[in-house]
Amino acid sequence: MILVTGGAGFIGSNFVLDWRRLSDEPVVNLDKLTYAGNLDNLASLQGDRRHVFVRGDIGDSALVDSLLNEYRPRAILNFAAESHVDRSIHGPADFIETNVVGTFRLLESVRSYWSKLGASGKSDFRFLHVSTDEVYGSLLPDEAPFTEEHPYQPNSPYSASKASSDHLVRAYHHTYGLPVLTTNCSNNYGPWHFPEKLIPLCIHNALGGRALPIYGDGQQVRDWLYVGDHCSAIRHVLASGRIGETYNIGGLNEKTNLSVVQLICSILNELKPRADGKSYAEQITFVQDRLGHDRRYAINANKIREELNWAPAETFETGLRKTIQWNLDHSAWVSRVTSGDYKNWIDIQYQSAAPEIR
Ligand code: NAD
Ligand code: TYD
């Protein structure tokens, strides 16, 4: 079986759902259920004996040791993290605790478990660490996209904490021989995306008649990838990636934030026109920029394409349309996750910028 951490979050739950659909191999899912973890995402797996959910922290060594000894996974996929840049700016401590210390403690438990496996168990074992392109820092407009050799230049507490975890994973391979794989992916979007990130936030706000907040001039560039394509890339890396290697994953899909929000508006105009007949684009509002905002990310995904024969299946247009339709079809899910802690977050993040957003 495999052990997934953070499998109740956005990407982790997509991965677990896809895994259960495509494979008979059981999955143990360890998740702390922070504000970002949601068991509703996994409701369709109720009664499925091949999915075992365990609520807990990757940094709880006693718990992780006992799970490893009980379930004896052949692979661990580490999705668990604090993942929102703006939250890391307001309060970095949780990012250090989970992304750095938690990953370190997880690696220690895994090293201890792995070192006691037999020869073939040891060589077949994999620790796959899911990371981000943000560790590479920001690109100038005419700079070449990030390759796996690009120097690490993280700029936010989030990306610095992820960079730190990547370095620990690398060191556990180099020093102890742990068979690790690391993936560095660009911005994801798709089903089960918590509406604090740009795309689901704007879909949610548009439908609620609220402002669509664009930081600064909206000309920052991100490379967007449909989450199902990220999950398929991770399966490729797990199956055939070379031990100790890093694989960059991207959508070949650079877009400015403003153009992303404009496209959301035009698809919504078609799928769910506003009652007054006006465009959702009227709700676009420019707000105060993010501190230290990275200007551009872009991924060179040649290595994973050439070595592992992976390419994204969705274009941005098809993936975004699916995502918007998913949000329209899952309004009950969105309402449930937008209560409680999320409302407090909106007050903290947007109060000085544009009061009408709340
Ligand atoms: P998310 O915030 O939606 O989910 C994170 C999950 O981890 C949640 O279910 C949360 O409860 C769980 N978690 C947090 N701390 C934990 C802990 N200490 N122990 C156990 N579980 C814990 O994040 P996501 O967007 O799904 O991202 C998943 C991974 O992919 C992260 O490592 C992130 O850095 C990386 N990544 C994300 C993106 C993106 O665009 N979202 C892009 C590239 C890489
Ligand atoms: P986000 O979805 O938070 O992902 P990341 O910061 O990891 O790239 O943000 C994507 C881009 O959208 C980023 O440049 C910040 C910008 N943004 C806004 O302009 N307004 C918003 O309300 C949010 C949440 C993000």
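Computed from a predicted structure; not experimentally measured.

A word on the sheet that holds strand S1 (residues 2-5)
- Overall, parallel pairing links the seven strands, which are arranged S3-S2-S1-S4-S5-S6-S10 in an open sheet. Both edges of this open sheet fall to strand S3 (51-55) and strand S10 (246-249), since each of them pairs with a single strand only. The sheet shows a mean angle of 20 degrees between the axes of neighbouring strands, direction not considered.
- Two elements, strand S2 (residues 27-31) and S3, share five bridges in a ladder whose sense is parallel. Its bridge partner lying in S3, Asp31 is registered against Arg55.
- Across the sheet, helix H4 (residues 93-115) is in contact with S1, strand S4 (75-78) and strand S5 (126-132); its angle to S5 comes to roughly 170 degrees.

A closer look at helix H2 (residues 61-71)
- Every buried residue of H2 is listed here: Leu63, Val64, Leu67 and Leu68. Across the axial projection of H2, the buried residues extend over an arc of 130 degrees, all falling on one side. Residues of H2 that are exposed and point more than 90 degrees away from the buried face comprise Ala62 and Glu70.
- Packing partners of the buried residues in H2 comprise S1, S2, S3, S4 and H4.

Focus: the pattern of salt bridges
- Overall, the coordinates contain 19 salt bridges when judged by the stated rule.
- In this structure, the salt-bridge partner of Asp86 is Arg290, at a minimum N-O distance of 2.7 Å. Of this pair, Asp86 sits in helix H3 (residues 85-90) while Arg290 sits in the loop between strand S12 (284-287) and helix H10 (302-308), and the two are 204 residues apart along the sequence.
- What makes Asp86 buried here is its relative accessible area of 4%.
- Salt-bridge contacts for Arg321 lead to Glu317; the nearest nitrogen and oxygen are separated by 3.4 Å. Residue Arg321 and its partner Glu317 are located together in helix H11 (residues 316-329), separated by four residues, close to a single helical turn.
- Since its relative accessible area comes to 28%, Arg321 is described here as partly exposed.

Considering the environment of Leu42
- Relative to the helices and strands, Leu42 resides in the loop between S2 and S3.
- Other than its neighbours up to four places away in sequence, Leu42 contacts Gly7, Ala8, Ser13, Val16, Leu17, Asn29, His51 and Phe53.

Details of the confidence of the model for the protein
- Mean pLDDT over the protein works out to 96, with 97% of the residues at or above the 70 mark.
- Predicted confidence for residues 354-358 stays below pLDDT 50, and this span has 16 contacts to residues more than four positions away or in other chains.

Brief notes about the site of ligand 1
- Ligand 1 sits among 28 residues. The nearest are Ile11, Asp31, Ser83, Tyr158 and Lys162.
- Between ligand 1 and Thr34 there is a distance of 3.0 Å, counted from an oxygen atom to a backbone nitrogen or oxygen.
- Asp57 places a polar side-chain atom, nitrogen or oxygen, 3.0 Å from a nitrogen atom of ligand 1.
- Isolated, ligand 1 exposes 830 Å² of accessible area, and the fraction of that covered by the protein chains is 97%.
- Counting only elements with at least two residues in the shell around ligand 1, the list comes to helix H1 (10-22), S5, helix H6 (157-176) and strand S7 (187-189).
- Ranked by residues supplied to the shell around ligand 1, first place goes to S5 with three residues.
- Of the residues contributing to the shell around ligand 1, the split by class is 12 nonpolar, 12 polar and four charged.

Quick word on the site of ligand 2
- Near ligand 2 there are 16 residues, and of these Glu134, Pro213, Arg290, His293 and Tyr350 occur at the shortest range.
- Surface burial for ligand 2 is 97%, taken as the share of its 510 Å² of free accessible area covered by protein chains.
- For the shell around ligand 2, the secondary-structure elements that each account for two or more residues are helix H7 (198-207) and strand S8 (212-215).
- The element that contributes the greatest number of residues to the shell around ligand 2 is S8, accounting for three residues.
- Considering only residue class, the shell around ligand 2 consists of seven nonpolar, four polar and five charged.

Some thoughts on the pairing of S1
- Across the two faces of S1 the burial is the same, with Ile2 and Val4 and Leu3 and Thr5 all buried.
- As paired elements, S1 and S2 share four bridges and run parallel to each other. Note on S2: the bridge partner recorded for Ile2 is Val27.
- In terms of handedness, the path from S1 via H1 over to S2 forms a crossover that is right-handed.
- Strand direction decides the pairing type here: S1 and S4, joined by four bridges, are parallel. Within the sheet, the bridge partner assigned to Ile2 lies in S4 and is Ala75.

Regarding the nonpolar core
- Among the nonpolar cores identified, the biggest contains 39 residues, and Ile2, Val4, Phe15, Leu77, Leu128 and Ile304 are the most heavily contacted of them.
- For this core, the element with the most residues is helix H8 (residues 227-240), which contributes six residues.
- Look past the residues within four positions of Ile304 in its chain and what remains in contact with it is Ala233, Val237, Tyr247, Asn248, Ile249, Asn309 and Trp310.

Calculation rules
- Residues numbered from 1 in each chain as written.
- Chains lettered and ligands numbered in written order.
- Predicted model: local features only at pLDDT ≥ 70, side-chain atom pairs only at ≥ 80, totals over all residues.
- Heavy atoms only, no water.
- Pairing = 2+ DSSP bridges.
- Helix = DSSP H or I, 4+ residues; strand = E, 2+ residues; numbered from the N terminus.
- Axes fitted to C-alpha atoms, helices over the stretch in contact; angles between N-to-C directions.
- Contact = heavy atoms within 4.5 Å.
- Buried < 20%, exposed > 50% of the residue type's maximum accessible area, 1.4 Å probe, protein only.
- Arc of directions from axis to C-beta.
- Salt bridge = Lys/Arg side-chain N within 4 Å of Asp/Glu carboxyl O.
- pLDDT = per-residue confidence, 0-100.
- Near = heavy atom within 4 Å.
- Polar contact = N/O pair within 3.5 Å; in protein donor to acceptor, adjacent residues only side chain to side chain.
- Areas by Shrake-Rupley, 256 points an atom, 1.4 Å probe, with all protein chains shown as cover.
- Nonpolar A, V, L, I, M, F, W, Y, C, P; charged D, E, K, R; others polar.
- Right-handed = clockwise from strand over helix to strand, strands pointing away.
- Core = buried A, V, L, I, M, F, W, Y, C linked by side-chain atoms within 4.5 Å.

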